[in-house]
Amino acid sequence: MTFNQYAIWCINFVVLLMPHESFALDLTIDIDSIDRIDVWDLAIEDNVNYPIVPQQMQSQISQHIRTQYEYLKAKGYNIKLIRNNEVLMITIPIDNLFRTNMYNYIKKSGEECLCPLIQYLKIKEMYRMILAVHHDDTLNSENADILTYERVLYLIDWLSSKTANANDVIPYSMGNAYPITSDKSSYGREKNRRLEIFIVPGKTMLELADEKKL
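Keep in mind the model is a prediction, meaning the values are calculated, not measured.

Caption draft 1: Molecular detail of the packing of aromatic side chains. If you walk through the whole model with that rule in mind, you get 2 aromatic pairs. Measuring from ring centre to ring centre gives 5.0 Å for tyrosine 120 and tyrosine 127, while their planes differ by 90 degrees; the resulting arrangement is edge-to-face. Neither residue differs from the other here; tyrosine 120 and tyrosine 127 are each classed as buried.

Structure follows, in structure tokens:
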């Protein structure tokens with residue numbers, strides 16, 4: 001990671017930890033104007049929903065994404081189809097990736113989880129990969145924010161060492177603010193410590209769909 005990229009990360013760290021307001025964001029695009037929104041400035045819910053796929057492309061896109069869903073599901077991923085079957089949501093237990101309260105080493109089990117996903121960064125802007133790292137309430141909110149930030153930064157560094165298209169990866173540090181179950185049991189805390197990966201159609205995919213070449 002270059003110094004300029006690191007500087008951007010430092011700025012984004014502050015932004016990512018701030019509560020997101022809801023805006024009436026126009027997520028509808030045409031192919032020629034897809035670059036007019038800076039995805040790095042979007043709240044995570046807007047990023048997952050951007051862009052809204054034009055109606056004439058929806059069948060191609062959803063069929064393509066469903067093929068990826070079947071492939072990854074067969075490999076054992078905890079995976080869902082969301083957003084009208086246009087986006088993949090993969091959930092990986094954070095304990096499979098990192099040691100307890102550590103961030104600067106990905107375990108072998110973590111590499112085994114992540115390596116099959118590198119294919120989605122093979123072609124520039126074919127997909128956007130959104131990473132959201134969560135923690136449980138065993139850390140206070142400030143420390144959970146810092147740890148999830150360090151972990152998502154390290155994941156970006158790791159992906160950058162594997163692909164030239166790591167700029168297609170958008171990171172979010174979620175702290176412990178978004179549990180999916182109660183933190184009162186060890187099972188619940190383990191479920192809340194997670195990496196969510198959203199695989200979203202990118203500019204190249206929409207261009208291929210527009211040309212009926214997907």
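Let us keep going from here.
Caption draft 2: Structural view of the side chain of aspartate 183. Mapping aspartate 183 onto the fold places it in the loop between β4 (169–173) and α6 (186–192). Although buried, aspartate 183 forms no salt bridge, and the nearest oppositely charged side chain, arginine 189, lies 5.9 Å from it.

Caption draft 3: Structural detail: the sheet that holds strand β3 (residues 127–134). The 5 strands are arranged β1-β2-β5-β3-β4 in an open sheet whose pairing can be described as mixed. Edge positions in the open sheet fall to β1 (78–82) and β4, since each of these has one partner strand only. For this sheet, the mean angle separating the axes of adjacent strands, direction not counted, is 20 degrees.

Caption draft 4: Summary view of the nonpolar core. One finds Ile90, Leu114, Leu131, Leu195 and Ile197 to be the most contacted residues of the largest nonpolar core, which totals 39 residues. Secondary structure elements with two or more residues in this core: α3 (58–74), β1, β2 (87–93), α4 (108–114), β3, α5 (141–160), β5 (194–201) and α7 (203–210). Per-element accounting of this core gives the leading share, 5 residues, to α5. Those residues in contact with leucine 195 that sit more than four places away from it in its chain are Ile90, Thr91, Ile92, Ile94, Leu97, Leu114, Leu131, Ala132, Val133 and Leu155. If you look at the next biggest cluster of nonpolar residues, it comprises 15 residues, including Met89, Ala132, Met174 and Val200.

Caption draft 5: Up close: the pairing of β5. Of all 8 residues making up β5, 8 are buried, and the element is well covered by its neighbours. For β3 and β5, the ladder comprises 8 bridges, and the chain directions are antiparallel. Bridging from a neighbouring strand, alanine 132 pairs with glutamate 196 of β5.

Thresholds applied
- Residues numbered from 1 in each chain as written.
- Predicted model: local features only at pLDDT ≥ 70, side-chain atom pairs only at ≥ 80, totals over all residues.
- Heavy atoms only, no water.
- Phe/Tyr/Trp six-rings, centres within 6.5 Å; stacked < 30°, edge-to-face > 60°.
- Buried < 20%, exposed > 50% of the residue type's maximum accessible area, 1.4 Å probe, protein only.
- Helix = DSSP H or I, 4+ residues; strand = E, 2+ residues; numbered from the N terminus.
- Lys, Arg positive; Asp, Glu negative; His and termini not counted.
- Salt bridge = Lys/Arg side-chain N within 4 Å of Asp/Glu carboxyl O.
- Pairing = 2+ DSSP bridges.
- Axes fitted to C-alpha atoms, helices over the stretch in contact; angles between N-to-C directions.
- Core = buried A, V, L, I, M, F, W, Y, C linked by side-chain atoms within 4.5 Å.
- Contact = heavy atoms within 4.5 Å.

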